[in-house]
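Each chain, letter by letter, is given below.
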Amino acid sequence: MVYLFCGILSGAILAAICIPLFRRDDTLESTIIEETEWDLLQRKKDVVLGNIQDLDFEYKCGKLSEEDYQKIRGEMSAEAAVVFQEIDSIESSKDLDALIRREVSARKNKTKTGSPTAVCPSCRAQNSPTNKFCAECGAKLKH
Amino acid sequence: MAQIGQFALALAFVVTVYSIAASLIGIRVKHDKLIASGRNAAVGTFVCLTTAFLCLVYLFVVSDFSINYVAGHSNRDLPLYFKISAIWGGQEGSLLLWGWFLTGYAALVMIQNWRKHTAMMPYVTAVLMGSSLFFTSMHLFIANPFNQVVSIAPGGARVPFVPADGQGLNPLLQYILNAIHPPVMYLGLVGFAVPFAFAMAAMLSRQLGDTWIRTTRRWTMVAWFFLGTAILLGGKWAYVELGWGGFWGWDPVENASLMPWLIGTAFLHSVMVQEKKGMLKVWNMVLIILAYTMCLFGTFLTRSGVVSSVHAFAQSSIGGYFAAFIVISLSGALYLLLDRLPLLKSENQMESIVSRESSFMFNNLILLASCFAVFWGVMFPVFSEWIKGVKITVGPPFFNRVNVPIAIFLMFLTGVGPLLAWRKASTNSLKRNFLWPAAFALASGIVLFVRGIGRPILKAPEELGQALFQKLLGYSFTSSFYALLAIMMSTFVAVTIVREFYKGARARSHGTGENFIEAVANLTLQNTRRYGGYIVHFGFVLLFIGWAGQAFTTDVSTEAGIGDRISIRQYTLRVDKLGVEDTPNYQSMKATVSLFEDGVKVATMGPERRRYKAGEQQTTTEVSIWSTLKEDVYVVFSGATADGKRANIQVYYNPLVMWVWLGGIVLGLGTLIALLPNKKSGPRKRPQAADRTEEQKDVAEKVS
């Protein structure tokens with residue numbers, strides 16, 4: 001009985017350890033995806049907008065004088081403007097980070113849904129697996 | 001069953017080593033599958049230790065005295081719930097509990113975050129399993145709970161031996177709250193391993209944004225919550241079980257749990273500055289390294305026996321291993337911090353000394369100063385013995401003298417922080433926010449002063465203490481004076497909190513049309529972190545008031561026969577009966593005492609003195625407490641005369657103690673609220689999309 005239980009325990013642990021080693025490549029569940037500049041800016045945007053919302057609420061509560069509120073809000077809006085500009089410049093350019101970001105999102109979606117998508121060899125856009133040509137640039141897709 | 005437990009421990013050790021190796025090699029060679037395998041191994045370690053722990057539970061429940069640890073910490077007549085709590089009543093079991101919790105936290109972290117922070121998680125696995133390796137090694141090689149009892153046969157051979165009964169559980173631990181105190185304490189201490197692991201992972205992976213802080217914010221709060229709850233449970237245990245009339249005695253082991261809690265409190269505040277303003281990045285790293293180190297140091301203090309403590313029963317020979325582990329962890333973390341310093345630059349500067357971020361900074365410095373004072377007080381006897389060869393004891397007067405003013409100032413900052421705006425607050429805003437709280441605080445101070453509380457005593461210079469401010473003012477500040485200040489500060493903070501809720505709910509109900517109660521509820525649920533935090537602060541207010549009451553404690557000690565009366569303040573106690581009670585677990589002498597308040601009987605009390613039958617037949621005092629919101633009457637039966645006709649009774653009059661426990665409950669409630677995710681607002685109440693559009697327009701104007 002003792003041996004049987006010990007055997008089951010070791011077997012279960014061994015199976016849990018080995019299963020990822022023999023999985024198919026496309027599961028990608030632990031692919032290392034490092035944070036990009038775009039990620040950081042997105043979060044910074046959320047923080048700056050959250051700070052402005054908090055400030056507005058504190059002003060509505062009567063905790064800030066008009067003078068303080070206008071001054072701080074002006075500074076925060078300027079900060080937000082810089083963040084938005086940086087995001088725009090990354091999104092409008094063919095920045096490597098942005099491309100990585102786009103691809104990573106697509107790969108994550110692929111992992112979640114489990115349905116493979118067709119990546120355009122020319123522009124790296126994600127396409128439906130039934131597409132023969134890329135919906136973004138028109139290049140021929142390889143299936 | 002012991003064999004299965006033994007096997008599970010060995011397997012846990014092997015799997016932990018594999019998990020560390022697979023994670024580190026996986027990162028090095030960028031092998032995703034190996035990393036995933038290392039993660040699964042980390043979860044597997046938890047499965048192994050769960051198996052080992054359940055085996056130990058079984059051995060205690062069936063009283064298998066062939067196992068050394070069971071025989072040393074349990075006996076047949078022990079009630080079932082104490083048999084289970086006896087698992088952590090000694091060294092081996094409590095270490096197993098620690099290791100089990102650590103791997104449990106690790107498994108939860110893996111499951112929760114694996115898909116989210118893929119660059120960091122392999123390092124998190126390696127760091128958590130690194131800590132776990134220390135504990136699994138201890139379980140397996142140094143403090144194995146499954147070792148058998150052996151006797152030495154003639155000729156020196158070691159043969160298995162089964163004692164007829166066990167040594168029993170230490171009577172001081174046979175108290176229901178203390179049965180849960182150690183697990184809660186460990187959940188707190190071990191919990192700090194999670195933010196520590198993420199901080200190390202952030203530095204190792206060079207992902208030094210605020211991801212690690214956002215990810216571990218709730219984990220840190222959970223650890224802080226458990227640690228705070230455990231400290232209060234420990235205080236309650238000391239109050240009820242030790243029979244000296246107080247709940248906090250600055251015992252080294254109490255201090256050992258207070259130190260990480262103080263640093264954890266500082267960390268919980270300073271992370272907000274990093275999240276909001278991208279500042280204090282290095283400081284936050286330092287705090288979390290210190291917090292985790294202090295958690296390990298606390299365990300080292302308890303286990304090593306380097307200091308004398310009420311927890312002497314927990315002392316053992318494993319202190320050296322802990323010391324080595326602390327040195328290795330701390331050195332590694334500090335090396336990493338120094339190496340990554342250039343990447344931890346602040347994104348903003350402190351704009352004004354009168355701002356919320358600077359108040360947080362002050363609060364951090366004060367908390368750290370308090371922690372350092374406690375550390376110094378705990379370690380001074382050790383240092384003095386090392387240097388001079390004489391152990392100089394540092395008692396409660398030192399801790400009170402240093403920490404009481406610090407705590408009062410901290411309470412002041414607790415009230416000030418929420419009143420200040422981020423970045424900068426003008427005089428106008430200060431006036432607007434400070435007027436009412438300051439007025440209420442002053443009024444409460446005047447009322448108490450007129451009633452005779454807190455009057456400083458004018459003394460000749462030679463009679464004064466060494467503190468410069470005492471000499472300058474020519475007064476000696478009594479504990480009553482500090483109590484007055486404490487209550488004034490508590491009033492100040494309470495008014496700021498009430499105003500925060502009131503103003504927030506009023507602003508909300510204007511915008512949404514909700515009634516006031518609805519507005520308060522929705523306000524809290526839509527910003528749980530802020531308003532849960534305020535409730536936590538309110539818990540501290542109650543706790544502080546209870547603590548201030550300690551300045552007015554009085555006691556009387558006397559020998560009394562049946563029918564004798566003892567008076568203390570407005571209460572009179574009459575001894576009605578002295579009797580003996582016999583149970584399978586212990587024999588007790590019990591006094592039946594009637595309690596009268598202003599001549600009216602309010603309670604019958606039954607303080608006891610017990611002698612436990614198992615093991616060394618230890619004696620304990622079981623106090624009897626009459627508790628109201630105003631005060632506690634605390635009766636100790638310290639023994640009877642030889643003829644058994646007269647009892648030694650000690651009575652304490654302890655004002656406001658119930659406020660401490662109520663404060664603890666409110667504190668816990670506030671923390672739970674702060675842990676809740678924010679409730680999403682409806683479109684009518686908070687049109688986010690519209691706000692965002694408005695903001696975009698605003699930003700566009702700025703840009704142009």
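Preceding block: the structure.
Residues numbered from 1 in each chain as written. Chains lettered and ligands numbered in written order. Predicted model: local features only at pLDDT ≥ 70, side-chain atom pairs only at ≥ 80, totals over all residues. Heavy atoms only, no water.

J.: Pulling in residues and values, what's your account of the interface of chain A and chain B?
T.: In this assembly, 50 residues from chain A lie in contact with 62 residues from chain B. Interface of chain A and chain B: buried area, both sides summed, is about 5,100 Å²; carbon and sulfur atoms make up 54% of it. Taken together, the connections running from chain A to chain B amount to 4 salt bridges. Close ionic contact of K276(B) with D54(A) constitutes a salt bridge, the shortest N to O distance being 2.3 Å. Considering only residue class, the side of chain A that touches chain B consists of 23 nonpolar, 11 polar and 16 charged. (Contact = heavy atoms within 4.5 Å. Buried area = accessible area lost by both parts, 1.4 Å probe. Salt bridge = Lys/Arg side-chain N within 4 Å of Asp/Glu carboxyl O. Nonpolar A, V, L, I, M, F, W, Y, C, P; charged D, E, K, R; others polar.)

J.: Lay out the sheet that holds strand 13 (residues 631–640) of chain B in plain terms, naming residues and giving numbers.
T.: The pairing of strands in a sheet comes from backbone hydrogen bonds and takes either a parallel or an antiparallel form. Residue and element names in this part refer to chain B. Here we have 4 strands laid out as an open sheet, ordered 5-14-13-12, and antiparallel in their pairing. Each end of this open sheet is capped by a strand with a single partner; those strands are strand 5 (554–561) and strand 12 (624–627). When the angles between neighbouring strand axes are averaged without regard to direction, this sheet yields 20 degrees. One ladder, built from 8 bridges, connects strand 5 with strand 14 (residues 646–655); its direction is antiparallel. (Pairing = 2+ DSSP bridges. Helix = DSSP H or I, 4+ residues; strand = E, 2+ residues; numbered from the N terminus. Axes fitted to C-alpha atoms, helices over the stretch in contact; angles between N-to-C directions.)

J.: Can you explain the nonpolar core? Please cite residues and give values.
T.: Residue and element names in this part refer to chain B. Membership of the largest hydrophobic core comes to 186 residues, with the highest contact counts inside it found for F192, M200, W212 and M285. In terms of residue count, helix 9 (residues 211–242) provides more of this core than any other element does, 14 residues in total. A domain-level breakdown of this core finds at least three residues from each of domain 1 (1–169) and domain 2 (551–658). The residues touching M285, leaving out its near neighbours within four places in the chain, are A199, A202, M203, L208, W212, L337 and L344. In terms of nonpolar packing, the next biggest core, distinct from the first, is built from 19 residues, I566, F637, V651 and Y653 among them. (Core = buried A, V, L, I, M, F, W, Y, C linked by side-chain atoms within 4.5 Å. Buried < 20%, exposed > 50% of the residue type's maximum accessible area, 1.4 Å probe, protein only. Domains from an automatic or database assignment.)

J.: I'd like to hear about the pattern of salt bridges, residue by residue, with values.
T.: This model, assessed by the stated rule, comprises 16 salt bridges over all chains. Of the charged contacts, one joins R530(B) and E58(A) as a salt bridge, the two residues approaching to 3.4 Å between their closest N and O atoms. With one member in each of two chains, R530(B) in helix 19 (residues 528–548) and E58(A) in helix 2 (residues 37–60) form a pair that bridges those chains. Each member of the pair, R530(B) together with E58(A), is buried. Here R574(B) and D576(B) are joined by a salt bridge, their closest N and O atoms 2.8 Å apart. R574(B) gets classed as partly exposed once you look at its relative accessible area, which sits at 25%. Given a relative accessible area of 28%, D576(B) falls into the partly exposed group. In this structure, a network of salt bridges that share partners links the residues E58(A), K63(A), R356(B), E500(B) and R530(B).

No statement about biological role is implied by the geometric values presented.
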